[in-house]
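Each chain is listed here by its residues.
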Amino acid sequence: MAGLLSNAISGLQASQNALRTTGHNISNANTDGYSRQNVSFGTRPPQNIGSAGYIGSGVSTEAISRTVDQFILTQLRLDTATFNQLDTFNLNTGKIDSLLANSNTGLSGGLESFYAALQSAADDPSSTPARQLVIEQAKGLASRFNNLYDRFTSIENGVEGEINTIAEQINGLANSVAELNKAIIQLRGANGAEPNDLLDQRDEALRQLSELVSISVVTQDGGEMNVYMGSGQPLVVGNSAAEVSSNGQGDVFLGSTAGLTNVTAQVSGGKLGGLLKFNTDVLQPAQEQLGKLAAVVSFEINSLQAQGVDLNGEYGKNIFTPVSAGALTNVVGAGNFTVDVTDAGELVASDYDVVVAGGNVTITRLSDGAASALVGLGPHVVDGISFDATGSANGDSFRLDTNLALNASSIAVNQLTPQDLALAGPVRTEAVATNAGSGVISAGNVQLNPGTPVVPLIIDSPATPPATYNDVSIEFISSTQYKFVDSAGNDLATPAPGPVYPYTAGSSIYLEAPVGPAGTAYEFTIQGNPAPGDTFTISFNQDAVNDNRTALKMAALDSAITFSGGLSINEAYGQMVEQIGAKANLARMNTDAAQSVLEQTQSLRDSISGVNLDEEAANLIKFEQVYNANSQVISIARDLFDTLLNAV
């Protein structure tokens, strides 16, 4: 009877354990990260009853274990990190895409209105309202650049705030994993029993950590889990955790007692990886492209304005604030070094190091390490910037911080009146009425670096009227030769093959211009067959009220090639919008795909480790029946014992 009672009691205890475990499963059916627990039973050691052999002695609870698949958990962490990176990247890229694509916030509307105003002024250059409209539309365009820069900066600040918040969340979860490692080792004890709920909590903490950053996990022999982020940087080792921090400038550091390590380039996955990827792949390039667009608009319009003549008879003053080459600092030495933008379309988003040695200059572009070893102190032009070290000594070195994006913030319209717009061409040409031949001279055009011998400056055009403008004439000494003479009829000294030049119909003739970069020239052509003695007069374009030649050039900037790579301003902006739009569209598709994969992996994990309430309800009935049966055995044992006592 003792054996019968012992067997029944062991059955009751086993059934109780099973019922408690089933109840625990049901209670945690909605607990994040909880894994279904199962009870494993085993027979107790049998008893020898002599020649009949061995008889069973009941049941024992051997283990209460989690139902988990470590491969699925690893895949779940990987898919979680991938989805959260793509989702974060998609969300932020969509902000930039919406700003640029919207006609109310992007540049397209401002550029179109500005070009339309220039065309209206070109159609009627004497109109004061048309000129005023150009100034107002220029202000509107500058304002759009400023507003976009501010919005980009706001997004950048928001991203930096998110990075700081995520760093704090990573630190909190890393500390939790470290503490759970310690608790699990302590509770496991000598018999090696697993603290299932703590293991679930650690797995859930790791899953939440993978939402923030991609991690890899290595389980040690003692059951501790070491966690690594990036390309193997240790975040949690045993019961100690490193600290993640940000410097507020897009850089992420991993710190321990050994010091801080910049891990920005190694971090991927999770929300942190998505923010860093957005910074480097979308936001920073967009800021730099916007800044370059502002620089090109300002530079090209100002250049044409400087080549034209306003209603006061002066060369034009800047419409927009001049483009800055950046901030220059002396690294070694106190020499004088100057930089200036010569072609905004060639600017590159990079800083530069300049070293003076042996009377020569080495300019290194820091973005890719490309170095230019240049003979002499300059000026030397690299990437659209003129570097002049003539005031420097050997051993001097300098750093140029271009900060190209700032051009979108600094662009503004100077104080101008409608009369200040230089819409006219700077020179005027005329054929003398007594000419006998059929030669016709063009109106004249400004040309940069024509690559052909240029006649030195011979047109008197002081910057401030009133002034005396001395004419220059082209006089044909035969039908195939001409020379230059001044207003008094004196021959002008000219470069070879002068003073007499061969005439070819339609070929360009160049005179040195008094304004613009070195090499700027006035270009003319003569068509037809001039007769000997025919004369063509070239003079400064005084009182050019109805001249629109410079205005037409300004209006044509919407399609003129002004960027390296053969792009116009409109095309460069369109390419920028298209590239960001393509990234946003790809990010949306990738996010949808990653979400689908994550949902499948989560469903697979739940099918293996999740609590099935129907199954647990069936287990309750089963274990209740077992419990009742064992209770009945105890009742029978009691009856037998009572019968035995009564028989005595």
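Being a predicted model, the structure only gives us computed values, none of them experimental.

A. Structural view of the nonpolar core. Core analysis: the largest hydrophobic core is formed by 104 residues, its most contacted members being Ile 96, Phe 145, Phe 152, Leu 235 and Phe 320. No other element matches helix H4 (residues 128–188), which puts 20 residues into this core. In this structure, Leu 235 is in contact with Ile 170, Ala 174, Leu 209, Val 227, Tyr 228, Met 229, Ser 240, Ala 241, Ala 242, Val 244 and Leu 254, ignoring residues within four places of it in sequence. Core analysis: the next-biggest nonpolar cluster, separate from the first, contains 23 residues, Tyr 501, Ile 526, Phe 536 and Phe 540 among them.

B. Molecular detail of the packing of aromatic side chains. Inspection of the entire model under this criterion finds 13 aromatic pairs. Between Phe 114 and Phe 320, the aromatic rings sit 6.1 Å apart at their centres with planes inclined by 70 degrees, giving edge-to-face as the arrangement. With Phe 114 in helix H3 (residues 108–123) and Phe 320 in the loop between helix H6 (270–307) and strand S12 (327–332), this pair connects stretches of sequence that are 206 residues apart. The residues Phe 114 and Phe 320 share a single accessibility class, namely buried. Each ring, one from Phe 476 and one from Tyr 482, has its centre 5.6 Å from the other, and the planes form 50 degrees; the classification is tilted.

C. Up close: the sheet that holds strand S6 (residues 225–229). Ordered by their spatial adjacency, 4 strands build an open sheet running S5-S6-S7-S8, and the pairing between neighbours is antiparallel. Edge positions in the open sheet fall to strand S5 (215–219) and strand S8 (240–241), since each of these has one partner strand only. As paired strands, strand S7 (residues 233–237) and S8 are joined by 2 bridges and run antiparallel to one another. Each bridged residue has a counterpart across the sheet, and for Val 236 the counterpart in S8 is Ala 241. With respect to the sheet, H4 is in contact with S6, S7 and S8, its orientation differing from that of S7 by roughly 50 degrees. Along the sheet, helix H5 (residues 196–212) contacts S5, S6 and S7; its crossing angle with S6, the most-contacted strand, is approximately 0 degrees.

D. Region of the structure containing unusual backbone geometry. Across the junction of Gly 378 and Pro 379, the peptide omega takes the value 10 degrees, indicating a cis bond. The backbone of Asp 383 sits at a positive phi, close to 55 degrees, despite the residue not being glycine. Here Asp 383 is to be found in the loop between strand S17 (380–382) and strand S18 (385–391). A positive phi is found at Asn 403, a non-glycine position, where the angle reads about 40 degrees. With respect to the helices and strands, Asn 403 occurs in the loop between strand S19 (397–401) and helix H7 (407–410). Judged by its relative accessible area of 36%, Asn 403 is partly exposed.

E. A look at the domain arrangement of the protein. Assigned domains of the protein: these are domain 1 (2–67 + 610–647), domain 2 (327–402) and domain 3 (427–540). Taking the mean C-alpha position of each, domain 1 and domain 2 sit 85 Å from one another.

F. Seen up close, the pairing of S7. For S6 and S7, the ladder comprises 3 bridges, and the chain directions are antiparallel. Within S7, the residue paired with Val 227 across the bridge is Val 236. Linking S6 back to S7 in an antiparallel pair, the connection comprises 3 residues, with Gly 230 at a positive phi of about 65 degrees. Linkage of S7 to S8, two consecutive antiparallel strands, is achieved through a turn of 2 residues, within which Gly 238 is found at a positive phi near 65 degrees.

G. Fine view of the side chain of Asn 541. Examined against the element boundaries, Asn 541 turns out to sit in the loop between strand S28 (535–540) and helix H8 (549–555). We classify Asn 541 as buried; its relative accessible area is 3%. Only 2.8 Å separates the side chain of Asn 541 from the backbone oxygen of Gly 425, close enough to count as a polar contact. In this structure Asn 541 touches Val 309, Ala 424, Gly 425, Pro 426, Val 427, Arg 428, Asp 547 and Arg 549, once residues within four positions along its chain are discounted.

H. Region of interest: the sheet that holds S17. What the 3 strands build is an open sheet, ordered S13-S18-S17; its pairing is antiparallel. Pairing within the sheet leaves two strands with one partner each, and these edge strands are strand S13 (336–341) and S17. With strand direction ignored, the average angle separating the axes of adjacent strands in the sheet is 25 degrees. Pairing between S17 and S18: 3 bridges, direction antiparallel. Considered in S18, the bridge of Val 381 is made with Ser 386.

I. Region of interest: the confidence of the model for the protein. For the protein, per-residue confidence averages 87 on the pLDDT scale, and 93% of positions sit at 70 or higher. Confidence drops under a pLDDT of 50 for residues 457–468, and excluding neighbours within four residues, the segment shows 30 contacts in the predicted structure.

Each value, and the rule that gives it
- Residues numbered from 1 in each chain as written.
- Predicted model: local features only at pLDDT ≥ 70, side-chain atom pairs only at ≥ 80, totals over all residues.
- Heavy atoms only, no water.
- Core = buried A, V, L, I, M, F, W, Y, C linked by side-chain atoms within 4.5 Å.
- Buried < 20%, exposed > 50% of the residue type's maximum accessible area, 1.4 Å probe, protein only.
- Helix = DSSP H or I, 4+ residues; strand = E, 2+ residues; numbered from the N terminus.
- Contact = heavy atoms within 4.5 Å.
- Phe/Tyr/Trp six-rings, centres within 6.5 Å; stacked < 30°, edge-to-face > 60°.
- Pairing = 2+ DSSP bridges.
- Axes fitted to C-alpha atoms, helices over the stretch in contact; angles between N-to-C directions.
- Domains from an automatic or database assignment.
- Polar contact = N/O pair within 3.5 Å; in protein donor to acceptor, adjacent residues only side chain to side chain.
- pLDDT = per-residue confidence, 0-100.

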